[in-house]
Amino acid sequence: MHFGLVVVILLWTHAAHGYGSNSYAASNRQAIRIGLITDDTTDRIRQTFEHAIAVANSDLSVPLVGETEQVAYGNSVHAFEQLCRLMQSGVGAVFGPAAKHTASHLLNACDAKDIPFIYPHLSWSLQTDGFNLHPHPEDIAHALYDIITQFEWSRFIFCYESSEYLTILDHLMTLYGIKGPVIKVMRYDLNLNGNYKAVLRRVRKSEDSRIVVVGSTEGVAELLRQAQQVGIMNEDYTYLVGNLDLHTYELEEYKYSEANITGIRMFDPDRKEVRDLVETLQHELGESEPMNNGSTSITLAMALTYDAVRVIAETTNFLPYQPQQLNCSERHDNVQPDGSTFRNYMRSLEILEKTITGRIFFQGNMRKGFSFDVIELQPVGLVKVGTWEEGKEFEFKRPPPITNLNENEENTLVNKTFKVLISVPNKPYASLVESINTLIGNNQFEGYGVDLIKELAEKLGFNFTFHNGGNDYGSFNKSTNMTTGMLKEIVEGHADLAITDLTITSEREEAIDFSIPFMNLGIAILYIKPQKAEPEIFSFMDPFSKEVWLYLGIAYLGVSLCLFVLGRLSPSEWDNPYPCIEEPEELENQFTINNSLWFTTGALLQQGSEIAPKALSTRTISAIWWFFTLIMVSSYTANLAAFLTIENPSSSINSVEDLAENKDDVQYGAKRTGSTRNFFLTSEDPIYMKMNAYMTNNPEMLTETNQAGVDKVKAGTKYAFLMESTSIEYNTVRECTLKKIGEALDEKGYGIAMPKNWPYRDKFNNALLELQEQGVLARLKNKWWNEIGAGVCSDKGDDDGSSALGMKNLSGIYAVLIVGSLLSFVISFFYWCLFVFKKAKFYEVPFCDALAEEFKIVVSFAENERALKSAQSVYSRSRNSSQSIESLQTDSENTIPEGD
């Protein structure tokens, strides 16, 4: 609700009396007209304005007369037109609206005409020349700083609605300096759509549970409501609210959640001026004052409106002020002669009494000298626990526990009888007892809801009778003000309570009240369990991923090539093909390309071959390859066994996104009426809007009851059903073919429905809270979900089957193979160079010539034999050329190794 107004002071002048009259006494016979331009649609600002005038007139010799103009919120053009019309009648001052852009526009117009501008909301800056009774952000930050200091917080989350509230954070950081607590800053209205749950889920996952909240009255109230839905409104969280309208919030739902909510306010609801204003609103608008202790319907904007009229009236007692008629056109440069004087005199006053927000005193453009009541939410309502004043050390002064005045004999539930609506059949909440005997009355019903009412009756002492309320839980139509189903029965007084899987929604709470949630849940997807996939013809390749098979093939060819090259580099691998001939003319290498491939194949298949490496380099790479194949074959064998015994199930859908896209032609639906259907009807999320359009265009996918939807899923017709997660949990432990898909789409709770402003609501909430603390609610849920009728399906969790081994699993063994191959090359190259050096020295030939000839022999890949005696050889020109190659000392005989 936005409260804003434009207060215009007009001096009603007679034609015979002008501004230049020398006698102020003459003006005492004339009334001062005060104009109001408001964008408040509830008429509460206008009533406050007129009430303030009536109160002020009792102390004035010159009475005030009110004039009201209504404009649409944010319509700056219309507001300016109304301002111009009033200027032409003689405007004395302007009180700005709630729409800040409109107020800024009017402020500029008033500054140009030297007309005092008054506005009742957070200051823009110290430089604005308006008259503002609202506390400056610096003072709000100082109050929050002192409270946080008393709390001794070392870290907290600062949640703000929009950038204008960062001014409070800026002043707070200035007060802390460099040694302040750890502050995590979050903007909760990220998408500007009123949905704060994404940010609140981040808060829930955060390690911080202490939250400072600043924002508009509507924004902070909605944040607290959504915080309860997300599950962070409990004893683990502490909220410090920086909005000054906490006393106007609907806090009934939070009183029994054990959440710690602290805030500040500018006035006491029990103040005489507040009570008088409340009586006026009740008489004129028929409003009812909240029953909660410490709460009131009077907002800060209304209180500042009242006090602004008081300041204006007090100023007219001391300063003669006769505003002139002005033309708001830019072509006229006329200004209000006494406008600045009147504004400055308003700031010079000190008013100590007959105001709602206390002392009014200014230092420059800022209001000072006021105090804040520090309030806490307790089971009896909002309780004052301290007073903050600038310049004074703040400390909590909590009063003794307050006894609820409603706790009296007249409000007791003992021996009272209530008619309780249930939905039958609706397992596990309520159903008919299966018995061979004829049962009547309450004995014919059983279920979670039935047991819960019995527990409450035993604790509170009331009697009850169960009645079947049908499957229509009911809804409330705002346009027609009509209710249906169970809600209608409660509203019309035909029933006292309703307990079933009835979701707490804001729409239903406009017609009835709910208890605190006895169960928290969310919307989820019910679908058949994934089916076993048919085995494929190449399923034997499943143990390894495609990537592993590819690298295995590369490794096989790479090692084979390495053996081929190392064999040619290693002298020990060149053998005499004819052992009987002592001095052969040529040598033969066993590691041909075919033999190399055959050797690696035999090792890979664990079969071996007749080829045996002789050189150190070839033996090294062979050992590494054998180790590699050992690991690979063992891994393959182990994973193959798992794949043969466990089949991977294939699911058509795995998330709500798959469902929205109708993946694999899966259809879906929900119960035709109820909170689940309303969730999709009202959602602004693109995915949920698409799903809503699908269900609207396919009404045959909607069912009358949840059980009908479950049966449709069990039929196995590629149909998924959207329902509450608790109901899905109940069905999945009894129907082995069903499964919950994905996470919950939202957070909400089930509550006991009761009439609006029911006098026994607090007692029910207290009893439910005690049952929760004693573990009774958990015991009842375990009884009806996991014991009665359960145990049919195996307790074994869902097995996702074996997954193919990837490179992350086997990268180590590949690394060993690569390093071993490189080491083999290094060893081979070293011994080959040493061999060539010894041979060149023996034949007394240059080392480089010998190295070149040996390299040509190595790279002659087409030749697997080498000639020992050749006229073209560099060794033939040596004096030792007659020596045979056998005369060289090889690595196997002496110091020079044969291999490498």
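Treat the numbers as computed from the prediction; the structure is a model and nothing was measured.

This part covers the overall build of the protein chain. Across its full length, the protein chain holds 26 helices and 34 strands. Residues classed as buried in the protein chain amount to 50% of the 900 residues present. Sequence separation of 24 or more characterises 72% of the internal contacts of the protein chain that already satisfy a separation of 6 or more. When the accessible surface of the protein chain is split by element, carbon and sulfur atoms take 52% of a total near 42400 Å².

So, on to helix H10 (residues 300–318). Along an α-helix, a turn takes 3.6 residues, which lines up residues three or four apart on a common side. For H10, which comprises 19 residues, the first-to-last C-alpha distance of 27 Å matches the rise-based estimate of 27 Å (1.5 Å per residue) to within 8%. Along H10, 16 of the 19 residues are buried, which leaves the element largely enclosed by surrounding structure.

Once that is clear, we can look at the UniProt feature "binding site: L-glutamate" (unreviewed entry) in the protein chain. UniProt records the feature "binding site: L-glutamate" (unreviewed entry) at Thr 503, Arg 508, Ser 675, Thr 676 and Glu 724, using the numbering of this structure. Note on placement: Ser 675 falls in helix H19 (residues 675–682). Contacts of Ser 675, omitting those with residues within four sequence positions, involve Thr 503, Thr 505, Arg 508, Glu 724 and Lys 748. Along the chain, the position of Glu 724 falls in strand E30 (residues 719–724). Among the residues examined, Glu 724 registers a relative accessible area of 5% and is labelled buried. Beyond its immediate sequence surroundings of up to four residues, Glu 724 is in contact with Thr 503, Leu 521, Gly 522, Ser 675, Thr 676, Asn 706, Lys 748 and Tyr 750. Side chain to side chain, Glu 724 and Thr 676 meet in a polar contact 3.2 Å long.

Here the focus is the UniProt feature "site: Crucial to convey clamshell closure to channel opening" (unreviewed entry) in the protein chain. Here, UniProt's "site: Crucial to convey clamshell closure to channel opening" (unreviewed entry) annotation points to Ile 653. With respect to the helices, strands and loops of the structure, Ile 653 is situated in the loop between strand E28 (649–650) and helix H18 (656–660).

Bringing the sheet that holds strand E31 (residues 738–741) into the picture now. Taken together, four strands build an open sheet; the order of strands is E29-E30-E24-E31 and the sheet is mixed. Across the chains shown, the open sheet's two edge strands, defined by having one partner strand only, are strand E29 (667–670) and E31. For this sheet the average axis-to-axis angle between neighbouring strands, irrespective of direction, equals 35°. Here strand E24 (residues 523–528) runs beside E30; their pairing, made up of four bridges, is antiparallel. If you follow Ile 523 over to E30, its bridge partner there is Glu 724. Against the sheet, helix H20 (residues 686–697) makes contact with E29 and E30, and its axis sits at roughly 90° relative to E29, the strand it touches most. Against the sheet, helix H21 (residues 706–714) engages E24, E30 and E31, with an angle of about 150° to E30.

Let us look at the pattern of salt bridges. Taken as a whole and assessed by the stated rule, the structure comprises 34 salt bridges. Close ionic contact of Asp 208 with Lys 184 constitutes a salt bridge, the shortest N to O distance being 3.6 Å. Here Asp 208 is found in the loop between helix H7 (197–205) and strand E8 (210–214), whereas its partner Lys 184 is found in strand E7 (residues 182–187), with 24 residues between them in sequence. With relative accessibility at 3%, the residue Asp 208 sits in the buried group. Among the charged side chains, a salt-bridge network with shared partners connects Asp 59, Arg 310, Glu 314 and Lys 354.

In this section: the packing of helix H22 (residues 725–732) against helix H24 (residues 776–787). The N-to-C vectors of H22 and H24 enclose an angle of 45°; their axes lie 8 Å apart at closest approach. Relative to H24, the element H22 is oriented oblique. Residue-level contacts link Thr 726, Glu 729 and Tyr 730 of H22 to Lys 781, Trp 784 and Trp 785 of H24. In terms of residue class, the contact of H22 with H24 is built from three nonpolar, one polar and two charged.

As a further point, take the packing of aromatic side chains. In this description, an aromatic ring pair is defined by two values, namely the gap between the centres and the angle between the planes. What the rule picks out here adds up to 38 aromatic pairs. Members of the aromatic cluster, connected to one another through ring pairs, are Phe 418, Phe 445, Phe 462, Phe 464, Phe 466, Trp 758, Tyr 760 and Phe 764. Sitting above the plane of the Tyr 719 ring, Lys 712 keeps its charged end 4.6 Å from the centroid. Cation over ring: Lys 781 sits above Trp 785, and NZ or CZ is 5.8 Å from the ring centre.

What follows deals with the environment of Asp 496. With respect to the helices and strands, Asp 496 occurs in the loop between helix H13 (485–491) and strand E21 (497–498). Considering only alpha carbons, one finds Asp 496 and Phe 418, 78 residues apart in sequence, at a separation of 5.6 Å. Beyond its immediate sequence surroundings of up to four residues, Asp 496 is in contact with Thr 417, Phe 418, Lys 419, Ala 753, Met 754 and Pro 755. A distance of 2.8 Å separates a polar side-chain atom of Asp 496 from the backbone nitrogen of Lys 419.

With that settled, the discussion passes to the sheet that holds E8. The mixed open sheet is built from seven strands, whose spatial order is E7-E6-E8-E9-E10-E13-E14. The sheet is open, and its two edges are formed by E7 and strand E14 (381–389), each paired on a single side. Adjacent strand axes in the sheet meet at a mean angle of 20°, parallel and antiparallel pairs treated alike. In the sheet, strand E13 (residues 371–378) pairs with E14 via eight bridges, with the strands oriented antiparallel.

Here the focus is a nonpolar patch on the surface. Together, Leu 550, Tyr 551 and Ile 554 line one region of the surface with nonpolar side chains, adding up to about 300 Å² of accessible area. Residue placement: Tyr 551 occurs in helix H15 (residues 546–569).

Here the focus is the side chain of Thr 48. Along the chain, the position of Thr 48 falls in helix H2 (residues 44–57). Note on Thr 48: relative accessible area 0%, which makes it buried. Leaving out residues up to four positions away in the same chain, Thr 48 has contacts with Leu 277, Met 302, Thr 305 and Tyr 306.

Before going further, it helps to examine the nonpolar core. Proteins that are soluble and globular tend to have nonpolar side chains buried together. In terms of nonpolar packing, the biggest core is built from 71 residues, with Leu 64, Phe 156, Phe 158 and Phe 372 touching the most fellow members. With 10 residues, the top contributor of residues to this core is H10. Mapping this core onto the domain boundaries places at least three of its residues in each of domain 1 (32–133 + 298–367) and domain 2 (137–265 + 370–389). Ignoring any residue separated from it by four or fewer positions in sequence, one finds Phe 156 in contact with Ile 148, Leu 172, Tyr 176, Pro 181, Val 182, Ile 183, Lys 184, Arg 210 and Val 212. By size, the runner-up hydrophobic cluster in this structure holds 41 residues, among which are Val 420, Leu 456, Phe 518 and Trp 784.

Analysis parameters
- Residues numbered from 1 in each chain as written.
- Predicted model: local features only at pLDDT ≥ 70, side-chain atom pairs only at ≥ 80, totals over all residues.
- Heavy atoms only, no water.
- Helix = DSSP H or I, 4+ residues; strand = E, 2+ residues; numbered from the N terminus.
- Buried < 20%, exposed > 50% of the residue type's maximum accessible area, 1.4 Å probe, protein only.
- Contact = heavy atoms within 4.5 Å.
- Areas by Shrake-Rupley, 256 points an atom, 1.4 Å probe, with all protein chains shown as cover.
- Expected span 1.5 Å × (residues − 1).
- UniProt positions renumbered as here; feature names shortened; annotations may be inferred.
- Polar contact = N/O pair within 3.5 Å; in protein donor to acceptor, adjacent residues only side chain to side chain.
- Pairing = 2+ DSSP bridges.
- Axes fitted to C-alpha atoms, helices over the stretch in contact; angles between N-to-C directions.
- Salt bridge = Lys/Arg side-chain N within 4 Å of Asp/Glu carboxyl O.
- Parallel < 35°, antiparallel > 145°, perpendicular 65-115°, else oblique.
- Nonpolar A, V, L, I, M, F, W, Y, C, P; charged D, E, K, R; others polar.
- Phe/Tyr/Trp six-rings, centres within 6.5 Å; stacked < 30°, edge-to-face > 60°.
- Lys NZ or Arg CZ within 6 Å of the ring centre and 35° of its normal.
- Patch = residues over 30% accessible without salt bridge, like charges linked within 9 Å, V, L, I, M, F, W, Y side chains within 5 Å.
- Core = buried A, V, L, I, M, F, W, Y, C linked by side-chain atoms within 4.5 Å.
- Domains from an automatic or database assignment.

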